[in-house]
Each structure stands twice: as structure tokens, then as C-alpha cells.
Amino acid sequence: MKIKSFLLIGVILIGFTSRAQFNDKPVLNLQNEDMHPLNWGYYLGFNQYDFKFEYKNDLDDVLVQKSIGFNVGLIGELRINEFLDLRFEPGLTYTSRTLGFPGFTSENEALREVKSTYVNFPLLLKVSTRRLGNWKPFLIGGASTSLNLGSNEASLDDNSSGTFRMKKNTYAYEMGFGIDFYTEYFKFTPSIRGVFGLTDELIRDNDPNSPWTGNIASMKTRGLFVNFTFE
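Residues numbered from 1 in each chain as written. Predicted model: local features only at pLDDT ≥ 70, side-chain atom pairs only at ≥ 80, totals over all residues. Heavy atoms only, no water.

Caption draft 1: Spatial organisation of the nonpolar core. One finds Phe 53, Leu 99, Phe 101, Phe 164 and Met 219 to be the most contacted residues of the largest nonpolar core, which totals 20 residues. Elements that contribute at least two residues to this core include exactly strand E1 (38-55), strand E6 (111-128) and strand E10 (216-230). For Met 219, the residues in contact, after removing those within four places along its chain, are Phe 51, Lys 52, Phe 53, Phe 164, Met 166, Thr 199, Asp 200, Glu 201 and Leu 202. (Core = buried A, V, L, I, M, F, W, Y, C linked by side-chain atoms within 4.5 Å. Buried < 20%, exposed > 50% of the residue type's maximum accessible area, 1.4 Å probe, protein only. Helix = DSSP H or I, 4+ residues; strand = E, 2+ residues; numbered from the N terminus. Contact = heavy atoms within 4.5 Å.)

Caption draft 2: View of the pattern of salt bridges. The final tally for this structure, using the stated rule, is 13 salt bridges. Put simply, Arg 87 and Glu 89 hold a salt bridge, and the shortest N to O gap is 2.9 Å. Relative accessible area serves as the criterion here: at 3%, Arg 87 is assigned to the buried category. Where Arg 204 meets Asp 200, a salt bridge forms, and the shortest distance between an N and an O atom there is 2.9 Å. Judged by its relative accessible area of 29%, Arg 204 falls in the partly exposed class. (Salt bridge = Lys/Arg side-chain N within 4 Å of Asp/Glu carboxyl O.)

Caption draft 3: View of the side chain of Asp 200. In this fold, Asp 200 is placed in the loop between strand E9 (187-197) and E10. Under the relative-accessibility criterion, Asp 200 is labelled buried at 19%. Within the structure, the side chain of Asp 200 is placed 2.9 Å from the backbone nitrogen of Met 219, a separation counted as a polar contact. In this view, Asp 200 contacts Lys 167, Ala 217, Ser 218, Met 219 and Lys 220; residues no more than four positions away in its chain are not counted. (Polar contact = N/O pair within 3.5 Å; in protein donor to acceptor, adjacent residues only side chain to side chain.)

Caption draft 4: Structural view of the environment of Leu 198. Along the chain, Leu 198 falls in the loop between E9 and E10. Spatially, the C-alpha atoms of Leu 198 and Arg 222 are 9.6 Å apart, while their sequence positions differ by 24 residues. For Leu 198, the residues in contact, after removing those within four places along its chain, are Tyr 171, Ala 172, Tyr 173 and Lys 220.

Caption draft 5: Quick look at a nonpolar patch on the surface. Taken together, the side chains of Leu 38, Trp 40, Leu 78, Ile 80, Leu 86, Phe 88, Phe 121, Leu 123, Leu 125, Val 127, Leu 139 and Phe 177 define a hydrophobic patch exposed on the protein surface, amounting to about 1100 Å² of accessible area. Of all the secondary-structure elements, those providing two or more residues to the nonpolar patch are E1, strand E4 (84-88) and E6. Per element, the largest residue contribution to the nonpolar patch is four residues, and it comes from E6. Relative to the assigned elements, Leu 38 resides in strand E1. (Patch = residues over 30% accessible without salt bridge, like charges linked within 9 Å, V, L, I, M, F, W, Y side chains within 5 Å. Areas by Shrake-Rupley, 256 points an atom, 1.4 Å probe, with all protein chains shown as cover.)

Caption draft 6: Main features of the environment of Val 27. Its place among the elements puts Val 27 in the loop between helix H1 (3-18) and E1. The sequence separation of Val 27 and Asn 134 amounts to 107 residues, and the corresponding C-alpha distance is 7.9 Å.

Caption draft 7: The arrangement of the pairing of strand E8 (residues 169-182) in detail. As judged from the 13 bridges shared by strand E7 (residues 135-148) and E8, these two strands associate in the antiparallel manner. In the sheet register, Leu 147 faces E8, and the bridge partner there is Asn 169. Pairing of E8 with E9 involves nine bridges; the strand directions are antiparallel. Note that in E9 the partner of Gly 178 across the bridge is Ser 191. Remark: four residues form the turn of the hairpin made by E8 and E9, two consecutive strands paired antiparallel. (Pairing = 2+ DSSP bridges.)

Caption draft 8: Fine view of the packing of aromatic side chains. By the definition in use, this model includes twelve aromatic pairs. Aromatic pair Tyr 42 and Phe 230: ring centres 5.3 Å apart, planes at 20°, arrangement stacked. With Tyr 42 in strand E1 and Phe 230 in strand E10, this residue pair connects regions lying 188 residues apart in the sequence. Centroid distance Tyr 49 to Tyr 118: 5.4 Å. Interplanar angle 20°. Geometry classified as stacked. Here Tyr 49 is found in strand E1, whereas its partner Tyr 118 is found in strand E6, with 69 residues between them in sequence. Cluster of aromatic residues (ring-pair linked, three or more members): Tyr 42, Phe 186, Phe 188, Phe 228 and Phe 230. Directly above the aromatic system of Phe 138 lies the positively charged group of Lys 126, at a separation of 4.5 Å from the ring centroid. (Phe/Tyr/Trp six-rings, centres within 6.5 Å; stacked < 30°, edge-to-face > 60°. Lys NZ or Arg CZ within 6 Å of the ring centre and 35° of its normal.)

Caption draft 9: Representation of the environment of Asp 61. With respect to the helices, strands and loops of the structure, Asp 61 is situated in the loop between E1 and strand E2 (63-66). In this structure, the C-alpha to C-alpha distance between Asp 61 and Pro 102, residues 41 residues apart in sequence, is 7.0 Å.

Following this line, the structure appears as C-alpha cells:
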């Protein structure tokens, strides 16, 4: 599934959820929901991860086959004022990518499946508009660090033995948008967010001229999340 299609699904879901909320004179739900200094919640969602490669020489690119993964996590929110909230959203993210390396005739040598389970620790600033009836749009952004449980960082084997290795600790910045919907019993929030890696995550093979990693100057994560939050 392409990223554009993934975004379209998120936008359609937001549209269906919002249809009943945009009335001229809605009955206001949870009028004191945003008055608490601390709020708690959880989220579920989907993701699609990619890699951004930079190369030493102008040779054929590494191809990335993406798939749909899932996210789950908790939310802690500190109210700063009417329009600003500081959020901590620790969570678990599962994703899988298949890398296709150029120059090989054997599929076993050319393909590497990269399965990653990330423990994410994002610290985010949420910037909201004034509440409009039972909905409130917002922008969100900040920094995150992640622990990749499937990195193979400690493995002594490399691609010559069929093992693709990545660094366990990664750093990124995140940016996105969403809409808070105030239902009768809880606040429901669909959102879309991009994740952009800041550090090189590749552990290179022992051979500096490796046909898998020798031409890669850096490899950084790119990701797209569609989350559904309940508070």
C-alpha cells in the first residue's frame, strides 16, 4: 500500500467521525475535560515505515518494500494553558520492511527482511485551536527516542551470514495533526503523524567493501502513523 493511500484512509476515517460533530448548535459534551492539569489515555493505530538512504557513490539504490504495522501505547498530558499541552506518549510499535540490494542474482543474497519492534518514548508539544462545539483541531510535534528490540546489534554475524544489523537506540523528530472529538463519555482523537530519523541506524558489515553496506553513507528511518486516541 502506498503512503498516499495510507494518508487517504486516515483522512476518510477522520471525516466519518466528524460528520455528526459539526452541527450549528451541538450539545456540548465533557465541558470540563480540558480543565484538568493532568490527563491520561491510550492509543491504538497503524504505521508504515520506510528508510531514507544516502550513498557514497552513484550506484543502484537499495529498494524498500514497506508493509503495514501497528502501534499501541499510553498518554500522559500536562496542561500548560488553553492552547498548549505537553505530552509523553510511550508505546510499542511493530513494523516490517524488506530490503532489496542491487548486484545480486540470488534472492537469498539480495533480500533482507527487517522486522523491528520499537519501544518509543516521544515528548511532544500539542498546539490546539479554541474548542469549536465538540471538536478541536491541533498540530503536534516534538522529539523521540526509541529502543529497537530487533536490531541484531550484538550479533557477531553480518550480511555475509544472512544477518542485517541496526543500532539499538535511535532518535527522531515527529510532526503531525489531528482533531479532538468530545463524545458523551470520552474524548476520541484520530491523528496522522510523520516520524523522521535523525541518526544513522546502520551497523556496517565487517568487510568495508561489503556489497550490502559498503556504499551506504547513512540509513535513517522514515515513518507514517495513523493513531486513534481515547482519553
